[in-house]
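Structure at a glance
The primary structure of each chain is shown beneath.
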Amino acid sequence: LVECFDVHNCHATLINAILPDSIPASEKDLYLSKTISGTFYEDVMSWVNSRYSASWNREFTKTAVNKYLNLSRNTIDKANKAKKSIHADAVCVDAYFSTLFPSIREFITNTPKKKSDKDTLNYMLNIVETNIITKHICKDLYENHDIHAISLHDGIFVKLSYCSRMPNVVKEFNELISY
């Protein structure tokens, strides 16, 4: 089996599918373009590195963004006020969102984060991921293209011989997450 499709910057990208209508369209459009390009972490990394004279790499940025998505508003606010914090990386990501995507920042930071709450951002994003990858894309591959696919997290795996028959999965995925 080979991976023929992978959602780049998965949870950051999937946020597009659950953004409320109250987010300004121009902000949604900019966020969508940055996330579906597959270079969102690089964009955050470049912004943080230039603004703070930092030297983040892609893997560190990915970890910082995912950490940020799972921190409560209260934790982020406390970290912003502290001179030193174990969440300094998340503070930088928060500054990025505050500057470029203030309404999306409000949505992210105001969504519940408690592990026991099924309304958490992480839970909602996992449900969206499962619905899009498994219930839409893998189902379509099987029913309309006779391609047997296996999903694992944000990737789709198929036999090597199926890769050349794969339809434009990226286009279908982008249509499913667009508002």
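Our subject is the structure that appears above.
Quick summary incoming for the structure in this document. (Residues numbered from 1 in each chain as written. Predicted model: local features only at pLDDT ≥ 70, side-chain atom pairs only at ≥ 80, totals over all residues. Heavy atoms only, no water.)

**Looking at the overall build of the protein chain**
When its secondary structure is counted, the protein chain shows 9 helices and 3 strands. Seen in sequence order, the protein chain has helices and strands lined up from the N terminus as β-α-α-α-α-α-α-α-α-β-β-α. For 179 residues, the compact-globule formula gives about 16 Å, and the C-alpha radius of gyration of the protein chain, at 17 Å, lands near that figure. Considering only C-alpha atoms, the protein chain reaches an extent of 55 × 35 × 30 Å along its principal axes. Burial status across the protein chain gives 42% buried among its 179 residues. Across the protein chain, every contact between residues at least 6 apart in sequence was considered, and the portion connecting residues at least 24 apart equals 62%. (Helix = DSSP H or I, 4+ residues; strand = E, 2+ residues; numbered from the N terminus. Rg over C-alpha atoms; globule rule 2.2 N^0.38 Å. Buried < 20%, exposed > 50% of the residue type's maximum accessible area, 1.4 Å probe, protein only. Contact = heavy atoms within 4.5 Å.)

**Brief notes about the sheet that holds strand β3 (residues 155-158)**
In spatial order, the strands read β1-β3-β2; together these 3 strands make up an open sheet with antiparallel pairing. The two strands at the open ends of the sheet, each matched to only one other strand, are β1 (2-6) and β2 (150-152). Taken pair by pair, the neighbouring strands of this sheet meet at an average axis angle of 35 degrees, ignoring direction. Bridge count for β1 against β3 is 4 bridges, and the pairing is antiparallel. Counterpart to Asp 6 in the pairing with β3 is Gly 155. Sheet contacts for helix α8 (residues 121-145): β1, β2 and β3; angle to β3, the most-contacted strand, approximately 25 degrees. (Pairing = 2+ DSSP bridges. Axes fitted to C-alpha atoms, helices over the stretch in contact; angles between N-to-C directions.)

**Structural notes on the environment of Cys 10**
With respect to the helices and strands, Cys 10 occurs in helix α1 (residues 10-14). Along the primary structure Cys 10 and Thr 63 are separated by 53 residues, whereas in three dimensions their C-alpha atoms are 12 Å apart. When near neighbours in sequence (up to four residues on either side) are disregarded, Cys 10 contacts Tyr 41, Glu 129, His 153 and Asp 154.

**Notes on the packing of aromatic side chains**
If you walk through the whole model with that rule in mind, you get 13 aromatic pairs. Aromatic pair Tyr 31 and Phe 97: ring centres 6.0 Å apart, planes at 45 degrees, arrangement tilted. Highlighted residues: Tyr 31 in helix α2 (residues 25-36) and Phe 97 in helix α6 (residues 88-100), separated in sequence by 66 residues. Pair check on accessibility: Tyr 31 and Phe 97 agree, each one buried. Among the aromatic residues, those joined into a cluster by ring pairs are Tyr 31, Phe 40, Tyr 41, Trp 47, Tyr 52, Tyr 68, Tyr 96, Phe 97 and Phe 101. (Phe/Tyr/Trp six-rings, centres within 6.5 Å; stacked < 30°, edge-to-face > 60°.)

**As for the pattern of salt bridges**
By the definition in use, this model includes 8 salt bridges. The salt bridge partner of Arg 105 is Asp 77, with a shortest N-O separation of 3.9 Å. Residue Arg 105 is located in helix α7 (residues 102-110), and its partner Asp 77 is located in helix α5 (residues 73-81); the two are separated by 28 residues in the primary sequence. What makes Arg 105 buried here is its relative accessible area of 8%. A salt bridge links Glu 106 to Arg 105, with the nearest nitrogen and oxygen atoms 3.0 Å apart. Among the charged side chains, a salt-bridge network with shared partners connects Arg 73, Asp 77, Asp 94, Arg 105 and Glu 106. (Salt bridge = Lys/Arg side-chain N within 4 Å of Asp/Glu carboxyl O.)

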